[in-house]
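# Fold and contact review
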Amino acid sequence: QVQVAESGGGSVQAGGSLRLSCVASGYTYSNNCMGWFRQAPGKKREPVAAIYTGGSTTFYADSVKGRFAISEGNAKNTVYLQMNSLKPEDTAMYYCVIDDACAAWYDSYASDFGYWGQGTQVTVSS
């Protein structure tokens, strides 16, 4: 069975940094897209960043471009999200997701896709 586990969330002051980690186990296919979505209370879920197998294709939300960087780990189906210059508006539950392609990160109406982790909370204070 596919399991997705995130870690690295926490509380940080504005301008600080956090590094999220994610590992997906039990995924059958070698090629996949992994990344993060986030959701804050009162706000809709939004895509954050994603990376396709091999690392040559990436997605970033406009709101995080230049501040966040997604990368593949050496272990299979492992990714990291380096978050710098954090802002209070980055506060949200961050969910790691693995899917067969990155289409969902570009589609605002996608639903019931991929395999999701339980989430890790990121809180950025002023």
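Details of the structure are given in the entry above.
This section reports on the structure supplied with the text.

### Examining the layout of surface pockets
Each pocket or cavity is described by its volume, and for the largest pocket that value is around 220 Å³. Lining of the largest pocket is provided by 13 residues; of these, Arg45, Glu46, Pro47, Asp107 and Ser108 occupy positions nearest its centre. Those elements that place two or more of their residues in the lining of the largest pocket are strand 5 (46–52) and helix 1 (103–106).

### Quick word on the state of the cysteines
A complete count under the given rule lists two disulfides for this structure. Covalently, cysteine 22 is tied to cysteine 96 through a disulfide, its sulfur atoms 1.9 Å apart. Across the disulfide from cysteine 22 to cysteine 96, rotation about the S-S bond amounts to roughly -90°, and the bridge is consequently left-handed. One end of the pair, cysteine 22, is in strand 3 (residues 18–25); the other, cysteine 96, is in strand 9 (residues 92–99), and 74 residues separate them in sequence. Here cysteine 22 and cysteine 96 have matching classes, each one buried. Two residues, cysteine 33 and cysteine 102, share a disulfide whose sulfurs are 1.9 Å apart. Its torsion about the S-S bond being 95°, the disulfide of cysteine 33 and cysteine 102 is classed as right-handed.

### Some words on empty space enclosed by the protein
Under the defined criterion, the tally for this structure stands at one cavity of 30 Å³ or more. Estimates place the volume of the largest cavity at around 30 Å³. Taken together, Arg38, Gln39, Ala40, Lys43, Lys44, Glu46, Glu89, Thr91 and Ala92 make up the lining of the largest cavity. Looking at the lining of the largest cavity residue by residue, the class counts come to two nonpolar, two polar and five charged.

### Things to note about the environment of glycine 10
Within the secondary structure layout, glycine 10 lies in strand 2 (residues 10–13). Since its relative accessible area comes to 24%, glycine 10 is described here as partly exposed. Excluding anything up to four places from it in sequence, glycine 10 contacts Leu18, Gln121, Val122 and Thr123.

### Describing the sheet that holds strand 8 (residues 78–83)
Ordered by their spatial adjacency, four strands build an open sheet running 1-3-8-7, and the pairing between neighbours is antiparallel. Two strands in the sheet have a free side with no partner beyond their single neighbour: strand 1 (3–7) and strand 7 (68–72). Sheet twist, expressed as the mean angle between neighbouring strand axes with direction ignored, is 15°. The sheet contact formed by strand 3 and strand 8 spans six bridges and is antiparallel. Residue cysteine 22 lies in a different strand from strand 8, and its bridge partner there is valine 79.

### Points about the environment of arginine 38
Assignment of secondary structure puts arginine 38 in strand 4 (residues 33–39). For arginine 38, a relative accessible area of 4% puts it in the buried group. The spacing of arginine 38 and glycine 16 is 22 residues in sequence and 18 Å in space, taken between C-alpha atoms. When sequence neighbours within four positions are dropped, the list of residues in contact with arginine 38 reads Lys44, Arg45, Glu46, Val48, Ser63, Val64, Phe68, Glu89, Asp90, Ala92, Met93 and Tyr94. At 3.5 Å, the side chain of arginine 38 and the side chain of serine 63 are in polar contact. Polar side-chain contacts of arginine 38 include one of 3.0 Å to the side chain of aspartate 90.

Calculation notes
- Residues numbered from 1 in each chain as written.
- Predicted model: local features only at pLDDT ≥ 70, side-chain atom pairs only at ≥ 80, totals over all residues.
- Heavy atoms only, no water.
- 1 Å grid on protein atoms, 1.4 Å probe; cavity = no way out; pocket = protein on both sides within 12 Å on 5 of 7 lines; lining within 4 Å.
- Points joined across faces, edges and corners; volume = space filled by probe spheres on them.
- Helix = DSSP H or I, 4+ residues; strand = E, 2+ residues; numbered from the N terminus.
- Disulfide = S-S within 2.5 Å.
- Buried < 20%, exposed > 50% of the residue type's maximum accessible area, 1.4 Å probe, protein only.
- Nonpolar A, V, L, I, M, F, W, Y, C, P; charged D, E, K, R; others polar.
- Contact = heavy atoms within 4.5 Å.
- Pairing = 2+ DSSP bridges.
- Axes fitted to C-alpha atoms, helices over the stretch in contact; angles between N-to-C directions.
- Polar contact = N/O pair within 3.5 Å; in protein donor to acceptor, adjacent residues only side chain to side chain.

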